[in-house]
Amino acid sequence: MIYEPAEDSELLLEAALRELKPDDEVIEVGAGSGFVAERLKGKCKCILTTDISPFAAMELRRKGLDVVMTDIAKGIRKKFSLVLFNPPYVELEDELRRGDWLDVAIDGGKKGVKVIKKFLDSLDEIMAERGRAILIASSQNEPDVFDLIDERGFRYEIVGERGLFFEKLFAIKIWKE
Ligand code: SAM
């Protein structure tokens, strides 16, 4: 019921470790099993996790991570210097849908950008001034993901890539000037 760490989780971890500073206040949105957050804990000032899935939230709590079960970061009245998200980015076909929380972990809706769009719409409320975000996306989300970032006035740079046999994954660093 909880997303098993995969290549996208590793890509987020690698990019986050390159970006992380000891005084960072970090939030990982959609932290799932806690694979990334538990490896960053202790290397930054603080780390908060969120997930919309109650199963993920229970697992994150079991691992001793601070967790809020919410949609993106709704209700959290704090801004963070580093925001991380490995979102659902796959356009899941109807016949592959199982109707459980794993669908929620991978199903990004049309062109895989539905949750990415919601995240980008909330980013100004989550990210501190001069903060940075790292978002995982796939070649399946091109060019929409980059247009969505641009349209909201953010700057971006691809800071990590991983080629799979059917797609390419990107770690995208996002910030505002
Ligand atoms: N961060 C983990 C990792 O890298 O292994 C899990 C990544 S998995 C691809 C996406 C995660 O985002 C799932 O745990 C899912 O429950 C969560 N999620 C999906 N939609 C969300 C939303 N609107 N708000 C918060 N979390 C969400």
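Scoring rules and cut-offs
- Residues numbered from 1 in each chain as written.
- Predicted model: local features only at pLDDT ≥ 70, side-chain atom pairs only at ≥ 80, totals over all residues.
- Heavy atoms only, no water.
- Helix = DSSP H or I, 4+ residues; strand = E, 2+ residues; numbered from the N terminus.
- Rg over C-alpha atoms; globule rule 2.2 N^0.38 Å.
- Buried < 20%, exposed > 50% of the residue type's maximum accessible area, 1.4 Å probe, protein only.
- Areas by Shrake-Rupley, 256 points an atom, 1.4 Å probe, with all protein chains shown as cover.
- Lys, Arg positive; Asp, Glu negative; His and termini not counted.
- Charge placed at Lys NZ, Arg CZ, Asp CG, Glu CD.
- Core = buried A, V, L, I, M, F, W, Y, C linked by side-chain atoms within 4.5 Å.
- Near = heavy atom within 4 Å.
- Polar contact = N/O pair within 3.5 Å; in protein donor to acceptor, adjacent residues only side chain to side chain.
- Salt bridge = Lys/Arg side-chain N within 4 Å of Asp/Glu carboxyl O.
- Expected span 1.5 Å × (residues − 1).
- Pairing = 2+ DSSP bridges.
- Axes fitted to C-alpha atoms, helices over the stretch in contact; angles between N-to-C directions.

Peer 1: What is the right way to read the overall build of the protein from this model?
Peer 2: In terms of helices and strands, the protein carries six helices and seven strands. Reading the protein from its N end, one meets helices and strands in the order α-β-α-β-α-β-β-α-α-β-α-β-β. The C-alpha atoms of the protein give 15 Å as radius of gyration, which agrees with the globular expectation for 177 residues (16 Å, within 12%). With the C-alpha coordinates aligned to their principal axes, the bounding extent of the protein is approximately 45 × 35 × 30 Å. Expressed as a percentage of the 177 residues in the protein, the buried residues total 50%. Of the roughly 9,100 Å² of accessible surface on the protein, a fraction of 51% belongs to carbon and sulfur atoms. Here the protein holds 28 positive side-chain charges and 35 negative ones, and the gap between their average locations is 5 Å.

Peer 1: Help me understand the nonpolar core in this model?
Peer 2: For soluble globular proteins, the rule of thumb is that nonpolar side chains tend to be buried together. One finds I27, V83, L84, F119, L123 and I174 to be the most contacted residues of the largest nonpolar core, which totals 52 residues. It is strand β5 (residues 127-138) that contributes the most residues to this core, six residues altogether.

Peer 1: Explanation requested: the site of the ligand in the structure shown.
Peer 2: As a structural note, the neighbourhood of the ligand is formed by 17 residues, with S9, G30, D51, D71 and I72 the closest of them. D71 places a polar side-chain atom, nitrogen or oxygen, 2.7 Å from a nitrogen atom of the ligand. Here N86 contributes a side-chain N or O atom positioned 2.9 Å from an oxygen atom of the ligand. Taking 600 Å² as the accessible area of the ligand by itself, protein coverage stands at 97%.

Peer 1: Would you mind showing me how to read the side chain of K173 here?
Peer 2: Note that K173 resides in strand β7 (residues 168-175). Given the relative accessible area of 18%, K173 is considered buried. Among the polar contacts made by the side chain of K173, one reaches the side chain of E19 at a distance of 3.3 Å.

Peer 1: Looking at this model, I keep getting lost on the pattern of salt bridges. Mind explaining?
Peer 2: Side chains that differ in charge, positive against negative, can pair when their charged atoms come close. Here the structure, examined in full by the defined rule, presents 23 salt bridges. Two residues, R162 and E10, come together in a salt bridge whose shortest N-O distance is 2.8 Å. Here the residue R162 occupies a position in strand β6 (residues 155-163), and E10 occupies one in helix α1 (residues 7-19), the gap between them amounting to 152 residues. Residue classification places R162 among the partly exposed positions, given a relative accessible area of 21%. For E161, the salt bridge identified is with K168, shortest N-O distance 3.2 Å. With a relative accessible area of 45%, E161 lands in the partly exposed category. Here K168 falls in the partly exposed class, since its relative accessible area comes to 36%.

Peer 1: Which parts of the structure should I look at to understand α1?
Peer 2: In an α-helix there are 3.6 residues to a turn, and that puts residues three or four apart on one side. With 13 residues, α1 should reach 18 Å at 1.5 Å per residue; the first-to-last C-alpha distance of 18 Å fits that figure. Where α1 is concerned, the buried positions are D8, S9, L11, L12, L13, A15, A16 and E19.

Peer 1: So what exactly am I meant to see when it comes to the sheet that holds strand β4 (residues 80-85) here?
Peer 2: Adjacent strands of a sheet form backbone hydrogen bonds with each other and so pair up, either parallel or antiparallel. In space, the seven strands of this open sheet follow the order β3-β2-β1-β4-β5-β7-β6, with mixed pairing throughout. Both edges of this open sheet fall to β3 (66-69) and β6, since each of them pairs with a single strand only. Averaged over neighbouring strand pairs, the angle between their axes works out to 20° when direction is ignored. Here five bridges tie β4 to β5, and the two strands are oriented parallel to one another. Within β5, the position partnered with L84 by the bridge is I134.

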